[in-house]
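Chain residues, written in single-letter form:
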Amino acid sequence: MATKDYVKRGRAAAKKPRGNRNQAPSNGFPFKWAAVALCLVGALGYGLYFLSANPAPQSQPQTSSPAAKSEPAKPVKPQPVTTPKTTKPLPPKPEEKWRYIEELENKEVQVEAKKEQAPTRPYLMQCGAYRSESQAEERKAMIAFQGLTSQVKVSQGEKGNWYRVVLGPYPQKRKAESDRNQLRRAGIEPCAIWFWE
């Protein structure tokens, strides 16, 4: 197999730059643009001077006869306003179509409020179930920093022991929800509210 000699081929000739792409912009002062800007500023100044020097045109009343132009206008005396001496009486007040206004005026409505049924069992809030007791104790400490008291309960599951962190018992669900919102603001969630077991 014959070897090729790439060195003898030579190098390609350098390409000439095209057009004005690589030319540096001129650093001279743009006299043409300065002259245009100066003309515009001068025209604006002249327009403002012209508007301020000439008073605003006032409209004059047009008259049809030349004799009216020569005579000065006479002031018009205001006529006193006269009221008619006979006034008509007002018509009688129309009779109401609806009678509910009189009927409801002295009526009393009695509303019976439903009594809240007290829960038969107290509420419990669970804030975690862990495999290790150390994780449960750590969650209990985080809850204690929020000023709430919790306890760790051990429960038997199919896969072994679970350590549940619970708060309560709460006599009303509203108090349990209040504590859950406090823990949620502190970043301790999820917490579920159930009936006490």
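Residues numbered from 1 in each chain as written. Predicted model: local features only at pLDDT ≥ 70, side-chain atom pairs only at ≥ 80, totals over all residues. Heavy atoms only, no water.

Some points on the side chain of Arg164
Alright, step 1. Along the polypeptide, Arg164 turns up in strand β3 (residues 160-170).
Alright, step 2. Given a relative accessible area of 15%, Arg164 falls into the buried group.
Alright, step 3. A distance of 3.2 Å separates the side chain of Arg164 from the side chain of Gln126, its partner in a polar contact. (Helix = DSSP H or I, 4+ residues; strand = E, 2+ residues; numbered from the N terminus. Buried < 20%, exposed > 50% of the residue type's maximum accessible area, 1.4 Å probe, protein only. Polar contact = N/O pair within 3.5 Å; in protein donor to acceptor, adjacent residues only side chain to side chain.)

Regarding the sheet that holds strand β1 (residues 123-130)
Strand pairing in a sheet relies on backbone hydrogen bonds, with the paired strands running either antiparallel or parallel.
Alright, step 1. The four strands lie next to each other as β2-β3-β1-β4, forming an open sheet whose pairing is antiparallel. Every other strand in the sheet has two partners, leaving β2 (151-157) and β4 (192-195) as the edge strands with one partner each. Pairwise comparison of adjacent strand axes, ignoring direction, gives a mean angle of 40° for this sheet.
Alright, step 2. The pairing of β2 with β3 spans seven bridges and is classified as antiparallel. Bridging across to β3, Val154 finds its partner in Tyr163.
Alright, step 3. Across the sheet, helix α4 (residues 133-144) lies against β1, β2 and β3, angled at about 20° from β3, the strand it touches most.
Alright, step 4. Of the strands in this sheet, β1, β3 and β4 touch helix α5 (residues 173-185), which is tilted by about 35° from β1. (Pairing = 2+ DSSP bridges. Axes fitted to C-alpha atoms, helices over the stretch in contact; angles between N-to-C directions. Contact = heavy atoms within 4.5 Å.)

Some details on the pairing of β1
In the case of a regular strand, side chains alternate between the two sheet surfaces.
Alright, step 1. Across the eight residues that make up β1, a large majority, seven, are buried.
Alright, step 2. Across five bridges, β1 lies against β3 in antiparallel orientation. Residue Met125 lies in a different strand from β3, and its bridge partner there is Leu167.

Some words on the side chain of Gln126
Alright, step 1. On the secondary structure map, Gln126 appears in strand β1.
Alright, step 2. Residue contacts for Gln126: discarding those within four places in its chain leaves Arg164, Val165, Val166, Pro190, Cys191, Ala192 and Trp194.

Section: a negative patch on the surface
Alright, step 1. Together, Glu96, Glu102, Glu103 and Glu105 make up a negatively charged patch on the protein surface.
Alright, step 2. Counting through the fold element by element, Glu102 comes out in helix α3 (residues 100-105). (Patch = residues over 30% accessible without salt bridge, like charges linked within 9 Å, V, L, I, M, F, W, Y side chains within 5 Å. Areas by Shrake-Rupley, 256 points an atom, 1.4 Å probe, with all protein chains shown as cover. Salt bridge = Lys/Arg side-chain N within 4 Å of Asp/Glu carboxyl O. Lys, Arg positive; Asp, Glu negative; His and termini not counted. Charge placed at Lys NZ, Arg CZ, Asp CG, Glu CD.)

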